[in-house]
Amino acid sequence: MGLKINLLVNKKQKKRPAGRRAEGRTVLNVSVLFIILLLLGASGAYAYQFILTKEVELLDREIIDQKAVIASYNDVEERKSVLVAKTNEIQRIYNEKFDYLKAIEDAQQLFGFSIAIESISIEKTGVVSVEARKVSDITFSQEQAFATNIAEMNLTVIVPTSVELEDTIDTLLGFEGQGLSSVIVTSTSLTEEGEYAVVFSITFSSASPDTDQQNL
Amino acid sequence: MNLKTATSDIQTTLRDYVGIMVFITEGIIFILLVVNFFVPTYQKIVALRAEISQKETELASLSSYANYLVELASSSLAVEEEIINYALPSENDVVTLIVTYEGLAKMEGLEEVSPISLAPGVLQQEKEAIEEGQTGVQQVLFAMEIKAENEEAADAIIQEITNTSRIFDILNLSWTVPEVQEGENTESVDLVIDLATYYYIQPPNIVSGQAIVEQGQSQIEFISKLQQARRFEDLILDGVEVGKEDLMETTSTISATLQ
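Analysis parameters
Residues numbered from 1 in each chain as written. Chains lettered and ligands numbered in written order. Predicted model: local features only at pLDDT ≥ 70, side-chain atom pairs only at ≥ 80, totals over all residues. Pairing = 2+ DSSP bridges. Helix = DSSP H or I, 4+ residues; strand = E, 2+ residues; numbered from the N terminus. Axes fitted to C-alpha atoms, helices over the stretch in contact; angles between N-to-C directions. Contact = placed C-beta atoms within 7 Å. Nonpolar A, V, L, I, M, F, W, Y, C, P; charged D, E, K, R; others polar. Buried ≥ 20, exposed ≤ 12 C-beta atoms within 10 Å, placed from the backbone. Core = buried A, V, L, I, M, F, W, Y, C linked by C-beta atoms within 7 Å. UniProt positions renumbered as here; feature names shortened; annotations may be inferred. Parallel < 35°, antiparallel > 145°, perpendicular 65-115°, else oblique. Left-handed = near helix turned anticlockwise from the far one by under 90°.

All names here are of chain B. Pairing of strand E1 (residues 110-113) with strand E2 (residues 136-148), which is carried by three bridges, proceeds in the antiparallel orientation. When the sheet's bridge partners are listed, Val-113 is paired in E2 with Ile-146. Across 13 bridges, E2 lies against strand E4 (residues 189-201) in antiparallel orientation. Bridging across to E4, Ile-146 finds its partner in Leu-191.

Structure representation (structure tokens):
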């Protein structure tokens with residue numbers, strides 16, 4: 001038994017020294033390589049973090065500088081803020097403007113010059129009052145009628161005879177078309193000159209947006 | 001002898017497994033290092049990169065805004081103020097109102113224009129409004145009665161009223177073709193125009209800041225259009241006589257004439 005042990009020991013003792021040294025070197029090399037890699041990785045990571053931190057500090061400094069520049073222009077900022085508020089108000093006023101010229105043109109051309117307009121009164125809300133005298137058979141210009149910024153028209157037509165009065169009422173009440181909401185006879189009366197006056201209330205649903213701002 | 005053999009066995013076993021033990025130790029060190037150093041460092045780096053990105057955006061915005069303010073101060077602010085303050089003065093400026101009214105009255109094709117008539121107390125209006133704590137846009141009402149030569153002239157004056165530098169806003173318009181008397185112009189048109197002009201009482205604490213000021217950039221086009229609106233100073237206000245034909249002369253022509 002003891003002999004066997006001795007033999008085994010001798011065998012191992014003969015084989016191991018060279019292999020063990022090689023193994024030892026491998027372990028050492030791998031360990032050194034591993035440590036170097038770890039050190040390199042750690043250093044790289046730390047260096048990158050350091051660079052990023054410095055970049056943040058630099059950006060902070062630049063932000064502070066820019067804020068200082070902006071603070072030094074505080075009066076400009078305030079003056080501009082007032083201007084912005086005022087410009088908003090001016091824009092609002094212009095947007096709310098009513099195109100009176102278009103309303104006058106529409107009122108004149110609405111009946112294709114079959115009535116002679118004596119007076120037109122226009123409110124900013126789009127309510128137009130027209131006083132006119134019939135000069136020929138009333139015709140209705142559909143093209144002009146339905147693309148108007150007039151919301152409501154109170155039309156007074158003066159005619160010389162009762163027959164023409166009836167004819168005028170029939171004609172205007174017969175008008176139909178897209179954009180025209182309603183035509184109502186509000187009143188009829190005899191004028192001091194012995195003529196007849198009929199008042200129509202015409203409402204339009206096609207009131208187009210104001211265009212006065214285009215003048216600017 | 002047995003003890004020696006046992007010790008030798010342990011040494012042999014240790015020698016056999018020393019490499020593995022070293023690797024295990026290194027593995028543990030690596031894991032500890034990863035957990036305690038690399039992961040936190042990576043997280044810090046990610047956070048720093050996000051912070052840098054956010055700060056770069058902030059810096060770009062601030063730089064752009066600072067440049068805008070510098071440019072505004074050096075060039076366009078004064079011009080913009082001049083245009084806007086003329087259109088909507090910060091006080092009840094009756095002078096530009098009268099100049100604009102008189103300028104309109106001097107237009108060609110107008111036979112008669114009523115003299116400007118402002119409601120009594122219009123100059124007092126601003127003081128009362130301030131006392132009452134009113135702010136923002138204030139309205140000044142007045143009327144203009146015009147006799148135009150013909151429809152074209154009437155159209156032209158309405159068009160001109162909508163395009164004045166000092167805002168004139170038509171509230172109501174009456175267009176009448178007068179009954180023709182013998183010897184009168186058969187084409188004339190009578191206009192009665194109810195008008196409003198405005199002035200602005202600044203609120204005590206007007207909000208200012210980057211968002212509001214930058215809003216102004218979108219208004220530049222409108223302001224440049226407003227700049228094209230009509231002014232009448234040249235038409236209304238004559239040049240001031242200095243009394244010298246040659247400014248280097250020691251005596252003026254007026255004093256010379258007086259003598």
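As summarised here, the arrangement of the nine strands in space is E4(A)-E5(A)-E3(A)-E2(A)-E1(A)-E3(B)-E4(B)-E2(B)-E1(B), forming an open sheet in which the pairing is mixed. Where the open sheet ends on each side, the last strands, each with one partner, are strand E4 (180-190) of chain A together with E1 of chain B. The mean angle between the axes of side-by-side strands here comes to 20°, regardless of whether they run parallel or antiparallel. Contacting strand E1 (115-123), strand E2 (127-134) and strand E3 (152-159) of chain A together with strand E3 (169-176) of chain B, helix H3 (residues 100-109) of chain A runs over the sheet at an angle of about 150° to E1(A).

With that out of the way, let us pick up the interface of chain B and chain A. Listed as interface residues are 65 residues of chain B and, on the opposing side, 54 residues of chain A. When contributions to the side of chain B that touches chain A are tallied by element, the ones reaching two or more residues are helix H1 (2-87), helix H4 (151-161), E3, E4, helix H5 (210-215) and helix H6 (220-227) of chain B. With 32 residues, H1(B) is the single largest residue contributor to the side of chain B that touches chain A. Across the side of chain B that touches chain A, the residue classes tally to 38 nonpolar, 14 polar and 13 charged. In this structure, E1(A) lies alongside E3(B), joined through five bridges in antiparallel fashion. Looking across to E3(B), one finds that A:Ile122 is bridged to B:Leu173.

Here we take up the pairing of E4(A). All names here are of chain A. The element E4 is largely exposed, with a buried count of zero among its eleven residues. Relative to strand E5 (residues 196-204), E4 runs antiparallel, the two sharing nine bridges. Across the sheet, residue Val-183 finds its bridge partner in E5, namely Ile-202. Between E4 and E5, which pair antiparallel and follow one another directly, the connecting turn spans five residues, one of which, Gly-194, has a positive phi of 85°.

A:Tyr100, A:Ala107, A:Val128, B:Leu88, B:Ala154, B:Ile157 and B:Leu191 are the most contacted members of the largest nonpolar core, which has 61 residues in total. The element that contributes the greatest number of residues to this core is E4(B), accounting for seven residues. In this view, B:Ala154 contacts B:Ala148, B:Trp175, B:Val189 and B:Leu191; residues no more than four positions away in its chain are not counted. In this structure, A:Ile70, B:Leu62, B:Tyr68 and B:Leu69 belong to the second largest nonpolar core, which totals six residues.

Mapped onto the present numbering, the UniProt feature "transmembrane region" (unreviewed entry) falls on residues 20-39 of chain B. Within residues 20-39 of chain B, the helical portion is 100% and the strand portion 0%, while the C-alpha atoms at the span's ends are 26 Å from each other.

Below, the discussion takes up the packing of H1(B) against H6(B). For any two helices packed against each other, one specifies the crossing angle of their axes together with the interaxial distance. Residue and element names in this part refer to chain B. At their nearest, the axes of H1 and H6 sit 10 Å apart, and the two run at 70° to each other. Judged by the inter-axis angle, H1 sits roughly perpendicular to H6. Considering only the axes of H1 and H6, their crossing is left-handed. Across the interface between the two elements, Glu-80, Ile-83, Ile-84 and Ala-87 from H1 touch Ile-223, Leu-226 and Gln-227 from H6. For the contact of H1 with H6, the per-class residue count stands at five nonpolar, one polar and one charged.

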